[in-house]
Amino acid sequence: MESLIGTTTDQAPANPDATDDMLATQPIGYWSGLAHATVTRHLRDAMAKLDVTQPQYWVLNRVNGGPAAPSREEVVAQLTHLADGPHEIARVVDQLLHREWLRIDDGRLLHLTNAGQAARARLRELAAEVRAEVHKGISDDEYVAALKVLRTMVANVEGDGASRTPA
């Protein structure tokens, strides 16, 4: 049986005011959910000031990011798991075509227009600014350590925790 030395077995209720010495007993679901909701809301609020949505940014990045131009179906298939519903990405493609940030070629593949490239560049700058704000006071080593812990927790729940323990 695996040793439980150094692990906390008693979990306290979620407490946003928990002191550092109480954090080991706090539920990961509460804190990871709070971090996700807060950071996502902050990013989406910043993007809204530019009249852009996060899913639109995902699509612009995906269309730009591969070795070959993707089809509409490929973009939808690759991004739907991130979206708020099964039809959101298809709608976003339509929005970006209407804005003329995307175009479809004769082979039915998607490409960024000059306006789409400019919008993507502005959004990358904004995302970098938001990232810097979110990461303020957090070293790269601390950030990497936090992600390794979260990755291991996911692997533990998915049943392959032994293969991804942090170094």
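The following refers to the structure shown. Everything numeric here is computed off the predicted structure, so don't read it as measured data.

Reading the values: rules and limits
Residues numbered from 1 in each chain as written. Predicted model: local features only at pLDDT ≥ 70, side-chain atom pairs only at ≥ 80, totals over all residues. Heavy atoms only, no water. Salt bridge = Lys/Arg side-chain N within 4 Å of Asp/Glu carboxyl O. Helix = DSSP H or I, 4+ residues; strand = E, 2+ residues; numbered from the N terminus. Buried < 20%, exposed > 50% of the residue type's maximum accessible area, 1.4 Å probe, protein only. Lys, Arg positive; Asp, Glu negative; His and termini not counted. Contact = heavy atoms within 4.5 Å. Core = buried A, V, L, I, M, F, W, Y, C linked by side-chain atoms within 4.5 Å. Axes fitted to C-alpha atoms, helices over the stretch in contact; angles between N-to-C directions. Parallel < 35°, antiparallel > 145°, perpendicular 65-115°, else oblique. Nonpolar A, V, L, I, M, F, W, Y, C, P; charged D, E, K, R; others polar.

### Considering the pattern of salt bridges
Item 1. This structure, assessed with the given rule, holds 3 salt bridges.
Item 2. In this structure, Arg 44 engages Asp 84 in a salt bridge whose closest nitrogen and oxygen atoms are separated by 3.8 Å. Placement of Arg 44 in helix H1 (residues 28-48) and of Asp 84 in the loop between helix H3 (72-79) and helix H4 (88-98) is noted, with a sequence separation of 40 residues between them.
Item 3. Exposure remark for Arg 44: the relative accessible area of 28% places this residue in the partly exposed category.

### A short note on the side chain of Arg 120
Item 1. As for its placement among the helices and strands, Arg 120 is situated in helix H5 (residues 114-134).
Item 2. One buried charged side chain, Arg 120, makes no salt bridge at all; its nearest oppositely charged neighbour is Glu 125, positioned 10 Å away.
Item 3. Among all residues touching Arg 120, those that are not within four sequence positions of it are Tyr 57, Leu 60, Asn 61, Asn 64 and Leu 112.

### Some thoughts on the side chain of Glu 88
Item 1. You can see Glu 88 is positioned in helix H4.
Item 2. No salt bridge is formed by the buried Glu 88; its nearest oppositely charged neighbour, Arg 44, is found at 5.9 Å.
Item 3. Discounting residues that sit within four places of it in the chain, Glu 88 has contacts with Pro 55 and Ala 83.

### A word on the nonpolar core
Item 1. If you look at the biggest cluster of nonpolar residues, it comprises 26 residues, and the most contacted ones within it are Val 59, Leu 60, Val 75, Ile 89 and Leu 102.
Item 2. Secondary structure elements with two or more residues in this core: H1, helix H2 (54-65), H3, H4, strand E2 (110-112) and H5.
Item 3. Every residue in contact with Val 75, bar those within four places of it in the chain, is listed here: Val 59, Arg 62, Val 63, Pro 70, Ile 89, Val 93 and Leu 110.

### Remarks on the packing of H2 against H4
Item 1. Where H2 meets H4, the axes come as close as 9 Å, and the angle between the chain directions of the two elements is 75°. It follows that H2 is roughly perpendicular to H4 by the angle criterion. Mapping the contact onto sequence places Pro 55, Gln 56, Trp 58, Val 59 and Leu 60 in H2 and Glu 88, Ile 89, Val 92, Val 93, Gln 95 and Leu 96 in H4.
Item 2. Per-class residue counts for the contact of H2 with H4 are 8 nonpolar, 2 polar and 1 charged.

### Remarks on unusual backbone geometry
Trans peptide bonds make up most of the peptide bonds, and negative phi angles are found at most residues other than glycine.
Item 1. Even without a glycine there, the phi angle at Asp 51 is positive, about 60°.
Item 2. Note on placement: Asp 51 falls in the loop between H1 and H2.
Item 3. For Asp 51, a relative accessible area of 53% puts it in the exposed group.
Item 4. Positive phi is not limited to glycine here, since Arg 108 has a value of about 70°.
Item 5. Its place among the elements puts Arg 108 in the loop between strand E1 (102-104) and E2.

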